[in-house]
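Each chain, letter by letter, is given below.
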Amino acid sequence: MQRYKNYVHGQPLSNQSGEVFEVINPATAEVIYQVEVADEFIQNAAIQSAKQGFAKWSAMSGMERQRVLNKAVQLLREHNDELAKIEVLDTGKPWQEASVVDVVTGADSIEFFAGLAPSIEGTQQDLAGDFYYTRKEPLGICAGIGAWNYPLQIACWKSAPALACGNAMIFKPSEETPLGAIKLAEIFTQAGLPDGVFNVVQGDANVGQWLTHNPEIAKVSFTGEVSTGKKVMQASASSLKSVTMELGGKSPLIIFDDADIEQAVSAAMLGNFYTQGEICTNATRVFVHQDVYPVFVKRLLERIENNIIAGDPMDPKVNFGALISKKHHQLVLDYIRSGLEEGASLLTGGEAIQPHSAPHGYFVAPTVFADCRDQMKIVREEIFGPVMCLLTFSDEQEVIERANNTDYGLAAGVFTQNIQTAHRVIHQLQAGICWINAYGASPAEMPVGGYKLSGIGRENGMETLQAYTQTKSVYVGLNPLESPF
Ligand code: NAD
């Protein structure tokens, strides 16, 4: 069986403990390869290597960094299909998605930040003869810790701004999906990135905790659950590391009575069934105006029945894949049971499925609950699976209050033909990523991140440069120094 090592200083590095973990293809429930755990030897080597990498990389000009990163973008695009296949086998998501989204959006983010690298600059101001100037300096060694739903994309979104600003990064992918990050590291090396600037360490929470406690690491960028995010932030406080937190959500999609219903149904389906529901920004609370509710539900059920194809995720016709693990599969089914127990009406789905082409995979049917109430567990908690909760409303202010009545604040969507309604409502929603007559698109130019418990800081967009640089102010005295002593 194939066994992958950690990636340190431009090459694979064997651990000394011999400890490995196994990775399972969620669509077949079979072990597909093993990965060596980052033991103490690897951890020390990763830090020493990152220090050397940082010294070299941070001394290069923005133009030089841009060229290396753009080469990596080119290689990512050239290897799109090979990388997309890795993502399909690791995550269970459809090839139909991975081949056009995961690598593409990862490469886009690196291209975006590569373009900004030469423009990172300070300011200067005259002060009656004296003057000061500022330098935008990198932080040092940053840690990236990823979730399993978009493994390669997350590794790209974290490394892109970090590296563009001249930092080194030690990245730990999720232990469920460890391979994409290794491939990214290989591509960076091939593109000419100095050894040690992007190291990959493998393992579970223990390796994550080592990163968050390590005083040599200046910043942690984390993607995962709120509860883990809190632990990561607490550990990071031990050496006052700055943090970026991309956490969970329970996002509302509000469909007004003047909405284009076909488009609104598309958004609700994308926001609940794309990547079989395993997307942080999912619109899991779909508020539909009561006047259009019957027609909305009719079209939704017809389109689920006719258009969703579950099966072997490598089949290009399949658009609905397997959930990440047996444990997560059970968790989603438990939520469905809780919805039934609390009195929600099941309109479709609600059970595990065994598609012909992937009978052993961790599939759950696309599920829609009606008659949901705001207090139900399925309406309050993040399920991270293909479970849509339908809620009705009649009054704009009422729906805004209900949409905001959650500790999360990651995303929100509004469908209406009225531009005043659209902006008025969006401006009152407590969410960091909002869509009007759209859902889910996340281009590299647009900053993304959460309000409230959904996160701290942003990924992508110009403002992310601030999170990976620190400002040094330099006061220069040209006048004689005044002193009372
Ligand atoms: P998770 O919190 O279980 O794990 C995330 C990562 O943290 C993994 O690499 C894991 O090994 C590591 N980890 C676990 N415990 C740790 C600890 N104590 N210290 C340091 N690292 C630790 O999350 P998951 O199940 O992998 O991912 C699903 C979650 O991610 C969902 O809540 C989803 O909403 C969220 N997510 C958010 C975004 C976003 O951009 N906001 C994107 C994708 C996923």
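Residues numbered from 1 in each chain as written. Predicted model: local features only at pLDDT ≥ 70, side-chain atom pairs only at ≥ 80, totals over all residues. Heavy atoms only, no water.

Caption draft 1: Focus on the site of the ligand. Close to the ligand lie 27 residues; Gly146, Glu175, Thr228, Leu247 and Glu382 are nearest. The separation between an oxygen atom of the ligand and a polar side-chain atom of Lys172 is 2.8 Å. The side chain of Glu246 places a nitrogen or oxygen atom 3.3 Å from an oxygen atom of the ligand. Here the ligand loses 89% of its free accessible area of 860 Å² to cover by the protein chains. Broken down by secondary-structure element, the contributors of at least two residues to the shell around the ligand are α8 (205-213), β11 (217-223) and α9 (226-236). Of the residues contributing to the shell around the ligand, the split by class is 11 nonpolar, nine polar and seven charged. (Near = heavy atom within 4 Å. Polar contact = N/O pair within 3.5 Å; in protein donor to acceptor, adjacent residues only side chain to side chain. Areas by Shrake-Rupley, 256 points an atom, 1.4 Å probe, with all protein chains shown as cover. Helix = DSSP H or I, 4+ residues; strand = E, 2+ residues; numbered from the N terminus. Nonpolar A, V, L, I, M, F, W, Y, C, P; charged D, E, K, R; others polar.)

Caption draft 2: The arrangement of the nonpolar core in detail. Within the largest apolar cluster, 117 residues are counted, with the highest numbers of intra-cluster contacts made by Leu76, Ile255, Phe296 and Leu390. Here this core takes nine residues from helix α6 (residues 151-164), the largest share from any one element. Setting aside chain neighbours within four positions, we find Phe296 in contact with Ile255, Ile261, Ala264, Val265, Ala268, Val286, Val288 and Leu390. Membership of the second largest hydrophobic core comes to 30 residues, among which are Val332, Tyr335, Cys389 and Ala412. (Core = buried A, V, L, I, M, F, W, Y, C linked by side-chain atoms within 4.5 Å. Buried < 20%, exposed > 50% of the residue type's maximum accessible area, 1.4 Å probe, protein only. Contact = heavy atoms within 4.5 Å.)

Caption draft 3: Fine view of the sheet that holds strand β14 (residues 285-289). Strand order in this open sheet of seven strands is β15-β18-β19-β14-β13-β20-β21, and the pairing throughout is mixed. The outermost strands of the open sheet, each flanked by one partner alone, are β15 (345-348) and β21 (433-436). The sheet shows a mean angle of 20 degrees between the axes of neighbouring strands, taken without regard to direction. Examined bridge by bridge, β14 and strand β19 (residues 387-393) share five bridges and lie parallel to one another. Looking at β19, one finds that His289 is bridged to Phe393. Across the sheet, helix α12 (residues 326-341) is in contact with β15, β18 (367-370) and β19; its angle to β18 comes to roughly 20 degrees. (Pairing = 2+ DSSP bridges. Axes fitted to C-alpha atoms, helices over the stretch in contact; angles between N-to-C directions.)

Caption draft 4: Here's a closer look at the pairing of strand β13 (residues 252-255). By the alternation rule, side chains of β13 split into Pro252 and Ile254 and Leu253 and Ile255, which are all buried. Of the strand pairs in this sheet, β13 and β14 are connected by four bridges, and their pairing is parallel. Across the sheet, residue Ile255 finds its bridge partner in β14, namely Val288. In this fold, β13 hands off to helix α10 (residues 261-273), which returns the chain to β14; that crossover is right-handed. One ladder, built from three bridges, connects β13 with strand β20 (residues 411-415); its direction is parallel. Bridging across to β20, Ile255 finds its partner in Phe415. (Right-handed = clockwise from strand over helix to strand, strands pointing away.)

Caption draft 5: Broad picture of helix α14 (residues 396-404). Those residues of α14 not exposed but buried are Glu396, Val399, Ile400, Arg402, Ala403 and Asn404. Contact partners of the buried residues in α14: β13, β14, β19 and α15 (419-428). Between the side-chain oxygen of the N-cap and the backbone nitrogen of Gln397 there are 3.2 Å, and the N-cap of α14 in question is Asp395.

Caption draft 6: Spatial organisation of the packing of helix α2 (residues 62-78) against helix α5 (residues 102-116). The contact between α2 and α5 brings their axes to 9 Å, and the two run at 165 degrees. Classed by the angle they form, the pair α2 and α5 counts as roughly antiparallel. The two elements α2 and α5 cross, and the hand of that crossing is left-handed. Between α2 and α5, the residues in contact are Gln66, Leu69, Asn70, Val73, Leu76 and Arg77 and Val103, Ala107, Asp108, Ile110, Glu111, Ala114 and Gly115, respectively. Partitioning the contact of α2 with α5 into residue classes produces seven nonpolar, three polar and three charged. (Parallel < 35°, antiparallel > 145°, perpendicular 65-115°, else oblique. Left-handed = near helix turned anticlockwise from the far one by under 90°.)

Caption draft 7: The arrangement of the packing of aromatic side chains in detail. Inspection of the entire model under this criterion finds nine aromatic pairs. Taken together, a centroid distance of 5.0 Å and an interplanar angle of 80 degrees make the contact between Phe112 and Phe113 edge-to-face. In this structure, Lys93 is placed above the aromatic ring of Tyr150, and the distance from its NZ or CZ to the ring centre is 3.3 Å. Across the ring face of Tyr468, the terminal group of Lys219 is positioned such that the distance to the ring centre comes to 5.0 Å. (Phe/Tyr/Trp six-rings, centres within 6.5 Å; stacked < 30°, edge-to-face > 60°. Lys NZ or Arg CZ within 6 Å of the ring centre and 35° of its normal.)

Caption draft 8: Just the pattern of salt bridges, in detail. Inspection of the entire model under this criterion finds 20 salt bridges. For Arg337, the salt bridge is made with Asp334, and the minimal N-O distance between the two is 3.5 Å. On the criterion of helical spacing, the pair formed by Arg337 and Asp334 is a turn pair, its members being three residues apart in helix α12. For Asp334, a relative accessible area of 30% corresponds to the partly exposed category. Through salt bridges with shared partners, one network takes in Glu262, Lys298, Arg299, Glu302 and Arg303. (Salt bridge = Lys/Arg side-chain N within 4 Å of Asp/Glu carboxyl O.)

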